[in-house]
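Chain by chain, the residues run as shown.
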There are 2 protein chains.
Amino acid sequence: GLRYDLTVPFARYVVMHRNEITFPFRRYQIQPVWRADRPQKGRYREFFQCDADIVGSDSLLNEVELVQIIDEVFSRLGIRVSVKLNNRKILSGIAEIIGEADRITDITVAIDKLDKMGLEKVNEELASKGIAREAIDRLQPIILLNGTTGEKLEKLRELLAPSETGTKGVEEMAFIIGKREALRLRNEVELDLTLSRGLNYYTGTIIEVKALDAQIGSITGGGRYDNLTGIFGLPGVSGVGISFGADRIYDVLTQLELFPESFSHSTELLFVNFGEREVDWLLPLVAQLRRDGICCELYPEAAKMKKQLSYADSNRIPFVAMVGENEMKEGTITLKNMQSGEQKSVTPDEMARAIR
Amino acid sequence: GLRYDLTVPFARYVVMHRNEITFPFRRYQIQPVWRADRPQKGRYREFFQCDADIVGSDSLLNEVELVQIIDEVFSRLGIRVSVKLNNRKILSGIAEIIGEADRITDITVAIDKLDKMGLEKVNEELASKGIAREAIDRLQPIILLNGTTGEKLEKLRELLAPSETGTKGVEEMAFIIGKREALRLRNEVELDLTLSRGLNYYTGTIIEVKALDAQIGSITGGGRYDNLTGIFGLPGVSGVGISFGADRIYDVLTQLELFPESFSHSTELLFVNFGEREVDWLLPLVAQLRRDGICCELYPEAAKMKKQLSYADSNRIPFVAMVGENEMKEGTITLKNMQSGEQKSVTPDEMARAIR
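Here is what the cut-offs are and how they apply
- Residues numbered from 1 in each chain as written.
- Chains lettered and ligands numbered in written order.
- Predicted model: local features only at pLDDT ≥ 70, side-chain atom pairs only at ≥ 80, totals over all residues.
- Heavy atoms only, no water.
- Helix = DSSP H or I, 4+ residues; strand = E, 2+ residues; numbered from the N terminus.
- Buried < 20%, exposed > 50% of the residue type's maximum accessible area, 1.4 Å probe, protein only.
- Areas by Shrake-Rupley, 256 points an atom, 1.4 Å probe, with all protein chains shown as cover.
- Lys, Arg positive; Asp, Glu negative; His and termini not counted.
- Charge placed at Lys NZ, Arg CZ, Asp CG, Glu CD.
- Contact = heavy atoms within 4.5 Å.
- Buried area = accessible area lost by both parts, 1.4 Å probe.
- Salt bridge = Lys/Arg side-chain N within 4 Å of Asp/Glu carboxyl O.
- Nonpolar A, V, L, I, M, F, W, Y, C, P; charged D, E, K, R; others polar.
- Core = buried A, V, L, I, M, F, W, Y, C linked by side-chain atoms within 4.5 Å.
- Polar contact = N/O pair within 3.5 Å; in protein donor to acceptor, adjacent residues only side chain to side chain.
- Pairing = 2+ DSSP bridges.
- Axes fitted to C-alpha atoms, helices over the stretch in contact; angles between N-to-C directions.
- Parallel < 35°, antiparallel > 145°, perpendicular 65-115°, else oblique.
- Left-handed = near helix turned anticlockwise from the far one by under 90°.
- Least-squares fit on C-alpha atoms with pLDDT ≥ 70 in both.
- Phe/Tyr/Trp six-rings, centres within 6.5 Å; stacked < 30°, edge-to-face > 60°.

**Some words on the overall build of chain A**
(1) Moving on: Per the secondary structure count, chain A includes 15 helices and twelve strands.
(2) Moving on: By its C-alpha atoms, chain A is 95 × 50 × 45 Å across when sized along the principal axes.
(3) Moving on: Counting only residues that meet the buried cut, chain A has 51% of its 356 residues in that class.
(4) Moving on: When the accessible surface of chain A is summed, it comes to about 17,600 Å², and 49% of that surface belongs to carbon and sulfur atoms.
(5) Moving on: Within chain A, the 53 negative side-chain charges are centred at a point lying 2 Å from the centre of the 46 positive side-chain charges.

**Points about the interface of chain B and chain A**
(1) Moving on: Listed by partner, the interface residues are 42 residues for chain B and 42 residues for chain A.
(2) Moving on: A buried area of about 3,600 Å², summed over both sides, lies between chain B and chain A, and 50% of it is on carbon and sulfur atoms.
(3) Moving on: For Glu 297 of chain B, the salt bridge identified is with Arg 26 of chain A, shortest N-O distance 3.4 Å.
(4) Moving on: Looking at the side of chain B that touches chain A, the elements that each hand over two or more residues are strand E1 (25-34), strand E2 (46-55), helix H2 (61-77), helix H10 (180-183), helix H12 (276-291), strand E9 (296-298) and helix H13 (305-314) of chain B.
(5) Moving on: No other element matches the eight residues that H12 of chain B contributes to the side of chain B that touches chain A.
(6) Moving on: Per-class residue counts for the side of chain B that touches chain A are 17 nonpolar, ten polar and 15 charged.

**Section: the nonpolar core**
(1) Moving on: One finds Leu 269, Phe 271 and Met 351 of chain A to be the most contacted residues of the largest nonpolar core, which totals 94 residues.
(2) Moving on: Ranked by residues supplied to this core, first place goes to helix H12 (residues 276-291) of chain A with seven residues.
(3) Moving on: For Met 351 of chain A, the residues in contact, after removing those within four places along its chain, are Leu 269, Phe 271, Leu 289, Ala 321, Ile 333, Leu 335 and Val 346 of chain A.
(4) Moving on: Membership of the second largest hydrophobic core comes to 93 residues, among which are Leu 60 and Val 81 of chain A together with Met 328 and Ile 333 of chain B.

**Structural notes on the side chain of Lys 84 of chain B**
(1) Moving on: Relative to the assigned elements, Lys 84 of chain B resides in strand E3 (residues 81-87).
(2) Moving on: Among the polar contacts listed, one links the side chain of Lys 84 of chain B to the side chain of Glu 190 of chain B, at a separation of 3.0 Å.

**Let's talk about the pairing of strand E7 (residues 239-245) of chain B**
For a regular strand, the rule is simple: side chains alternate between the two faces of the sheet.
All names here are of chain B.
(1) Moving on: Of all the seven residues making up E7, seven are buried; the element is thus mostly covered by neighbouring parts of the structure.
(2) Moving on: Neither face of E7 is exposed, since Gly 239, Gly 241, Ser 243 and Gly 245 on one face and Val 240, Ile 242 and Phe 244 on the opposite face are all buried.
(3) Moving on: For E2 and E7, the ladder comprises seven bridges, and the chain directions are antiparallel. Each residue of the ladder has a partner; that of Asp 51, found in E7, is Ser 243.
(4) Moving on: Here strand E6 (residues 220-225) runs beside E7; their pairing, made up of six bridges, is antiparallel.

**A few points about the packing of helix H8 (residues 149-159) of chain B against helix H9 (residues 164-178) of chain B**
All names here are of chain B.
(1) Moving on: Interhelical geometry of H8 versus H9 gives an angle of 160° and a closest axis separation of 10 Å. For the element pair H8 / H9, the angle class is roughly antiparallel. Where H8 crosses over H9, the handedness of that crossing is left-handed. Residues Thr 149, Leu 153, Leu 156 and Arg 157 of H8 pack against Val 170, Glu 171, Met 173, Ala 174 and Ile 177 of H9.
(2) Moving on: Here the contact of H8 with H9 is built from residues that sort into six nonpolar, one polar and two charged.

**Side note on the sheet that holds E9 of chain B**
Residues and elements named next belong to chain B.
(1) Moving on: Here we have five strands laid out as an open sheet, ordered E9-E8-E10-E11-E12, and mixed in their pairing. Edge positions in the sheet fall to E9 and strand E12 (343-346), since each of these pairs with one other strand and no more. Averaged over all pairs of adjacent strands, the angle between strand axes in this sheet comes to 25°, irrespective of strand direction.
(2) Moving on: Where H12 meets the sheet, it contacts strand E8 (269-271), E9 and strand E11 (333-337), and its direction lies at approximately 165° from that of E9.

**Here's the deal with the relation of the copies chain B and chain A**
(1) Moving on: Each copy of the sequence occupies a distinct position, and chain B is placed on chain A by a rotation of 180° and an axial shift of 0.0 Å, giving an RMSD of 0.1 Å. Read as a symmetry element, the transformation amounts to a two-fold axis. No C-alpha of chain B lies nearer the rotation axis than that of Pro 32 of chain B, which sits 4.3 Å from it.
(2) Moving on: Of the interface residues in chain B, 100% have counterparts in chain A that sit at the interface too, so the contact is made through matching surfaces.

**So, the packing of aromatic side chains**
All names here are of chain A.
(1) Moving on: Scanning the entire structure with this criterion turns up 15 aromatic pairs over all chains.
(2) Moving on: Pairing Tyr 299 with Tyr 311 gives two aromatic rings, centres 5.2 Å apart and planes at 80°, and the pair type is edge-to-face. With Tyr 299 in the loop between strand E9 (296-298) and helix H13 (305-314) and Tyr 311 in helix H13, this residue pair connects regions lying twelve residues apart in the sequence. For the pair Tyr 299 and Tyr 311, a shared accessibility class is recorded, and that class is buried.

Now the structure itself:
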């Protein structure tokens, strides 16, 4: 079978190498994964995930660090995002205090529809799922929770006071959110009670990232799983991880036109090809410049000058070098700045500085 | 179906974007590909290919450039290789002059066994494949071809004089080999008549790279294909390309112990975790140092000092920073060089210079 995610192979790796690894163990991994879903916009059969995980530590500082990574990545890419957090323990606490401990998923799914459907329909849906009238009544203050994340947390702390698990969840969330200032995060971090992301998997924090300026599903997700390695025979190793969806992020970058223009070219210098003798003179120079870290090309054919210059133009190559009979005799290169049109004569040694 | 190579998708790309592309078109691509073969050492079901191709140009300078790329890559990796070249036109010429134009593959396969089996067995095999006695006789000078690549080419030029195709192949080979000096290649480049690499595919140069110090199949291969894009409806686009087998190269690097030790770690600086108050003091500093490009970590738990230092040790982290009550008061950091054991007090601003 093809990889469905990078977490299971990682869990296997951790178990196989448990004796060589020092915990807490941090790893990142970039690889393609597959889905059998029907392909559609933003939903691919094959796509790349970029994962970062820390295992073997219960500390919430790990969650904080992953939030920081998310913030850094999207700041650098220039994508404005909202980092949405939830906690499985808060959801368990909610289900518990309304007396419907087993119905977390139904409750979460229904709450999620509040914006679209309004309160009445949400309550109807809850009832239709078989949730007791009394439980629905008790759920109202939670469904109607609003204000800042701080206010929501305060309210939840009160409402979930009877539930030990729920209280733990609120404390965890408050800890992570509380580090926001110290880290000088540049993106929103907020509590979103509707996040679930496969509840069976996560045991604590749940993380999801949405792009603010593009219509697309979540572009990063993750959370804490308390028994990742259990299926491979090493129980009790807690971990927390996130996964960036590279293809969706690429889609967002394209949609928002955030790819820098200079990304589409890399050759800095094109040597015009005037024929065999000139080529033989140039080859050692081209080899040397490349070893010096200059991305240069020699046009492969002694085509017409116009064609060679138009190749440089199309590929946005900023400098063109010409070496004919005179230049070979003098050991110089005629260098043309393709933007300004300016030409000057340089020696091979001066080349690097002349084009940078 | 899963990708079998990167060349077919590339050909498709070229045809789809023919109106936006400027030829000669150069691209590199790194992606996994798959084989249904039975997996064994050096033969994987899933493996990464790193391809470089140039299409839309017949110039042999493209072949020269690919040889240069090969030389550069393996020089940088520290793997000594032999770059073996052959040419489909030489093989066609040989088959032609001995009067067995259709039997290139049988002839190549038999010649390849000379070292292992000796001349007599090779001739027996040729006969058993139905190649005429007379043709086998004519083949002898080619089977017994020896000397330097220059000498072999000289001899082939004579032998293949009656074949136009064969002569063309010898000239192409001589041109590419002839650039060796000018490029200051650091690895052997030699003619190997036994190379075939799927003859139906290649039309000119055939390239194969073998590691000199490791027992493994070819680690890079390629050649010229004159009608790559034909199957997608754009005939006549010639191209030349090479493919590095990343996994086998990884195997060679491992076998020869060429991975630098410093590759296994990347964190430069570990902050010891003394507890909540210290963590809150450190978080903005850690965030700032990271933005300044310093790979640092904060140990996620206020574990025993010994445990935290042993984590730094196991992960070969060269510097450990300690911030306790005194340091917080003074705004300094106690920095420990893990190799020398030396400790000193630095300010946050001095940190970057202190560890590099």
